[in-house]
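Structural description and commentary
Here is what each chain is made of, one letter per residue.
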Amino acid sequence: MNFVTEFLPGIVTSIVTGAPIWIWPLLFLLIGLGIFCSRDRKISILPYFLMPLIALTTVPTLMAQQRPELALTAWGLAYLCGILGGYRLQGRWIITRTGLRAEVTGEWLSLCVMMLLFWANFANGVFAAVAPDLTAGLVYQILFPALLGLASGSFLGRPLRILTWPSTRGAALA
């Protein structure tokens, strides 16, 4: 059996036809937001605090795991680590902050993390269908949610870093 010609088209077709219709506009919105984040910009820091809400998209995946309590625990611990990682990484991209406005350099991490979280539900479904023994295993029950938690937590650490960055006095950012 050739994976590319026999198996892959079925997976792609299942993803496209089986997903709710609202998923595709969400995907385009996330891609647009990720591309926006790749550019240097002067922004209000308040929208940064909405980014952690992306973590809510992983809740159905976590609850569908064989051991949801284990998945939530692994996710929660990794979320805390993600906060620290996001806090640390964001320092690379801050140019200046004045009050509730900041100037930041462009970065591609936002797009990568949003795509990881978006496609995680699909990946989990494929793994469950193709390798149910793998997804039922203890390693998967810990590592997969931990990956989601780490990615999700980074979106809270980043605005916390901007908020705690020393504010520049003088001319406000336009």
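Structure's up top.
These numbers come from a predicted model, not from an experiment. (Residues numbered from 1 in each chain as written. Predicted model: local features only at pLDDT ≥ 70, side-chain atom pairs only at ≥ 80, totals over all residues. Heavy atoms only, no water.)

1. Re the nonpolar core
Counting residues in hydrophobic clusters, the biggest one holds 27 residues, and the most contacted among them are Trp24, Ile54, Leu117, Phe122, Leu148 and Phe155. Going through the elements one at a time, helix H2 (23-37), helix H4 (68-90), helix H5 (109-130) and helix H7 (138-164) are the ones with two or more residues in this core. Ranked by residue count, the leading element in this core is H5, at eight residues. Setting aside its immediate chain neighbours within four residues, Phe122 contacts Ile15, Ala19, Ile23 and Trp24. By size, the runner-up hydrophobic cluster in this structure holds seven residues, among which are Ile43, Ile45, Tyr48 and Ala102. (Core = buried A, V, L, I, M, F, W, Y, C linked by side-chain atoms within 4.5 Å. Buried < 20%, exposed > 50% of the residue type's maximum accessible area, 1.4 Å probe, protein only. Helix = DSSP H or I, 4+ residues; strand = E, 2+ residues; numbered from the N terminus. Contact = heavy atoms within 4.5 Å.)

2. A word on the pairing of strand E1 (residues 41-44)
Side chains Arg41 and Ile43 of E1 all project onto a buried face; the interleaved residues Lys42 and Ser44 project onto a face where none is buried. Two strands pair when backbone bridges link them, and E1 and strand E3 (residues 101-104) are joined in this way by four bridges, in the antiparallel orientation. Bridge pairing links Ile43 to Ala102 in E3. (Pairing = 2+ DSSP bridges.)

3. Some words on the packing of aromatic side chains
The tally for this structure, following the rule as stated, stands at eight aromatic pairs. Taking 6.1 Å as the distance between ring centres and 10° as the angle between the ring planes, the aromatic pair formed by Trp24 and Phe122 counts as stacked. On the criterion of sequence distance, the pair formed by Trp24 in helix H2 and Phe122 in helix H5 is long-range, its members being 98 residues apart. Look at Tyr140 and Phe144: their rings are 5.0 Å apart centre to centre, the planes differ by 5°, and that puts the pair in the stacked class. Of this pair, Tyr140 and Phe144 both sit in helix H7, four residues apart, which is roughly one turn of that helix. The two residues Tyr140 and Phe144 agree in class, both being buried. In textbook terms, an aromatic cluster arises when at least three aromatic residues are bridged by ring pairs, as seen for Trp24, Phe118, Trp119 and Phe122. (Phe/Tyr/Trp six-rings, centres within 6.5 Å; stacked < 30°, edge-to-face > 60°.)

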